[in-house]
Amino acid sequence: MNYYDIDEILKYDQIVIFGCGKIGCSLYSVLEKEQGNICAVTDNNGDKWGEIFGRTRIVSPEEAVEKYRNAIFCIANAHHCNEIAIQLNRLNITDENIIKIDHDVIIKKRLIECGRYSGESRSFIYNFPYSLNVETAFRNIIYKFQDIRNRLKMAYRMVPGTRKKYRVSICAIFKDEAEYLKEWIEFHYLAGVEHFYLYNNFSRDDYKEVLSPYIERGWVTLIEWPVPQGQIEAYKHCFERFGAESLWIGMIDLDEFVVPISCDSVYDFLRWYDRKYGSVLVYWKNFGTGGKLLRDIKNGLVTEDFTVCWRKHMDVGKCFVNTNFENAFEESGPMHHEAWTKYRGKKYPPINCFNHISIFQKYNVTDGRPMPIQINHYLVKSYNEMIHKLGKGDVFFKENSYKQYYLMKYEEHNTSVDFSAYKYLLRLKLRIGMGKEV
């Protein structure tokens, strides 16, 4: 089921957690905090069997079933709940003894309520709240020293500059998003992006017709990329194939719009980092439906129609990578969120717009100043578009990672407004033919 109740789970005498990932960790924390009887933790990854998870040893699914056949099995997995449920059925665990937990929205709320997690920081809304414990405190001390050391190293280092064909480009992979391509390209052109490396991932719409004039102008390089869940591979291909053409390459999606706030173009912001830093992360500002059920997609603009947003930025964003540095993507988490680079054999994490190191979902620090640049993240758009999005395949996940319940909870953060994208709105309308050039 998509909805689950922590209080109902706590009523069972024996609880087995199936999954040792992020959701499993959060579930273990809340059940332990509220004295639930966690009798076993299991996972399909055999390398984890025998390890200690919290205070419980990880066992194989077969061992968990053999010892605790009458337990409630909580499947804590965002993408494979149905497959694991079938696996448990084959081990003679009935559906009545299985709870599917494919998101941790309820768990996070419970942990924040009981004081186990921090819900917000001064600068961010934590959509991925962090545990308040000794381990987290120690880890943050280590990151702080790394941050200081990184800033001292970079203060006096100047990487040799290289003139390239483009100063700023964007790499994006898309699937059936033709109706959004024109606005997205024209907006970023106004924001100072000079070229677009676009990877088509099994689209069945009229994307070629939309992109044709931009290809003829030399703005767009179109790559057909028939690779299932090929997002990360597409990014790597882009840097290998086109890194010599563009000084900066940003990795963003078609529902993301980069908005320079303290300056007028993306490169005006990035130029200060040209010879100092290998990767710069720009944070998300999340936007919601604004209560719109339906929208005239053909005659409306995403950047005009959606202004209701979260009060704060999220501590997640996307990276622009300086190709004068070597990539060290093998060190990265998701490389578009945490792109590491290398210079003279030394590896460096990305830094944020306040020159602090940025570690995905672990360490993000700002100075409390206004963001000089942000990525407007229009994840849901209107309700109708949200439902359509849920029905599409994904370029990263085999099973769409977003669920309707999660997106509805996402809406609860939308208590503010942001008109930053409006700085380009008039010119954008003129460029895409909504008015006549003067």
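Cut-offs used in this document
- Residues numbered from 1 in each chain as written.
- Predicted model: local features only at pLDDT ≥ 70, side-chain atom pairs only at ≥ 80, totals over all residues.
- Heavy atoms only, no water.
- Core = buried A, V, L, I, M, F, W, Y, C linked by side-chain atoms within 4.5 Å.
- Buried < 20%, exposed > 50% of the residue type's maximum accessible area, 1.4 Å probe, protein only.
- Contact = heavy atoms within 4.5 Å.
- 1 Å grid on protein atoms, 1.4 Å probe; cavity = no way out; pocket = protein on both sides within 12 Å on 5 of 7 lines; lining within 4 Å.
- Points joined across faces, edges and corners; volume = space filled by probe spheres on them.
- Nonpolar A, V, L, I, M, F, W, Y, C, P; charged D, E, K, R; others polar.
- Pairing = 2+ DSSP bridges.
- Helix = DSSP H or I, 4+ residues; strand = E, 2+ residues; numbered from the N terminus.
- Axes fitted to C-alpha atoms, helices over the stretch in contact; angles between N-to-C directions.
- Phe/Tyr/Trp six-rings, centres within 6.5 Å; stacked < 30°, edge-to-face > 60°.
- Polar contact = N/O pair within 3.5 Å; in protein donor to acceptor, adjacent residues only side chain to side chain.
- Right-handed = clockwise from strand over helix to strand, strands pointing away.

Asks: Before we go on, may I ask you to explain the nonpolar core in this structure?
Replies: Soluble globular proteins tend to bury their nonpolar side chains together. With 103 residues, the main nonpolar core has Trp 184, Ile 185, Leu 198, Tyr 199, Trp 248 and Leu 270 as its most contacted residues. If we skip the residues at most four places from it in the chain, Leu 270 touches Val 168, Trp 248, Val 280 and Phe 320. One finds Ile 9, Ile 23, Ile 72 and Ile 99 within the second-largest nonpolar core, a separate group that totals 24 residues.

Asks: What is the right way to look at empty space enclosed by the protein in this model?
Replies: The method is simple in principle: a probe with the dimensions of a water molecule rolls over the atoms, and the space it marks as empty is what remains. Using the criterion set out here, one finds one cavity of 30 Å³ or more in the structure. One number sums up the size of the largest cavity: a volume of about 50 Å³. Lining of the largest cavity is provided by 13 residues; of these, Met 154, Tyr 277, Gly 278, Tyr 348 and Pro 349 occupy positions nearest its centre. For the lining of the largest cavity, the residue count by class is seven nonpolar, four polar and two charged.

Asks: Teacher, can you tell me more about the sheet that holds strand β6 (residues 98–101) here?
Replies: What holds strands together in a sheet is hydrogen bonding between their backbones, with the strands either parallel or antiparallel. In space, the six strands of this open sheet follow the order β3-β4-β2-β1-β5-β6, with mixed pairing throughout. The sheet terminates laterally at β3 (52–53) and β6, the two strands that pair on one side only. Inspection of the sheet shows strand β5 (residues 72–76) paired to β6 by four bridges, in the parallel sense. Along β6, the bridge assignment pairs Ile 75 with Lys 100. Across the sheet, helix α4 (residues 81–90) is in contact with β1 (15–18), β5 and β6; its angle to β6 comes to roughly 165°.

Asks: So what exactly am I meant to see when it comes to the packing of aromatic side chains here?
Replies: Pairs of aromatic rings are described using the distance from one ring centre to the other and the angle between the two planes. Under the defined criterion, the tally for this structure stands at 21 aromatic pairs. Seen in terms of ring centroids, Tyr 143 and Tyr 363 are 5.4 Å apart; in terms of plane orientation they differ by 45°. Their pairing is tilted. With Tyr 143 in helix α6 (residues 134–155) and Tyr 363 in the loop between β20 (346–348) and β21 (373–377), this pair connects stretches of sequence that are 220 residues apart. We classify Tyr 143 as buried; its relative accessible area is 12%. On the accessibility criterion, Tyr 363 (8% relative accessible area) is buried. Aromatic pair Phe 257 and Tyr 378: ring centres 5.5 Å apart, planes at 80°, arrangement edge-to-face. Here Phe 257 is found in strand β13 (residues 256–260), whereas its partner Tyr 378 is found in the loop between β21 and α12 (383–391), with 121 residues between them in sequence.

Asks: Looking at this structure, I do not really get the pairing of strand β17 (residues 317–322). What am I missing?
Replies: Moving residue by residue along a regular strand, the side chains alternate between the two faces of the sheet. Judged by how many residues are buried, β17 sits mostly within the fold: six of six residues are covered. By the bridge criterion, three bridges tie strand β12 (residues 246–251) to β17 in an arrangement that is antiparallel. The residue bridging Trp 248 from the neighbouring strand is Asn 322, located in β17. Of the strand pairs in this sheet, strand β14 (residues 279–286) and β17 are connected by five bridges, and their pairing is antiparallel. Residue pairing in the sheet places Tyr 283 in a bridge with Gly 317 of β17.

Asks: What exactly am I supposed to notice about the side chain of Asn 322 here?
Replies: Relative to the assigned elements, Asn 322 resides in strand β17. Take Asn 322: its relative accessible area is 0%, and that puts it in the buried class. A distance of 3.2 Å separates a polar side-chain atom of Asn 322 from the backbone oxygen of Tyr 277. What Asn 322 contacts, discounting residues up to four positions off in sequence, is Leu 247, Trp 248, Tyr 273, Asp 274, Arg 275, Tyr 277 and Gly 278.

Asks: Which parts of the structure should I look at to understand the pairing of β5?
Replies: Of all five residues making up β5, five are buried, and the element is well covered by its neighbours. Here β5 shows no split at all, with Ile 72, Cys 74 and Ala 76 on one side and Phe 73 and Ile 75 on the other all buried. Bridge count for β1 against β5 is four bridges, and the pairing is parallel. Bridging across to β5, Val 16 finds its partner in Phe 73. Following the backbone out of β5, through α4 and into the adjacent parallel β6, one traces a crossover that is right-handed.

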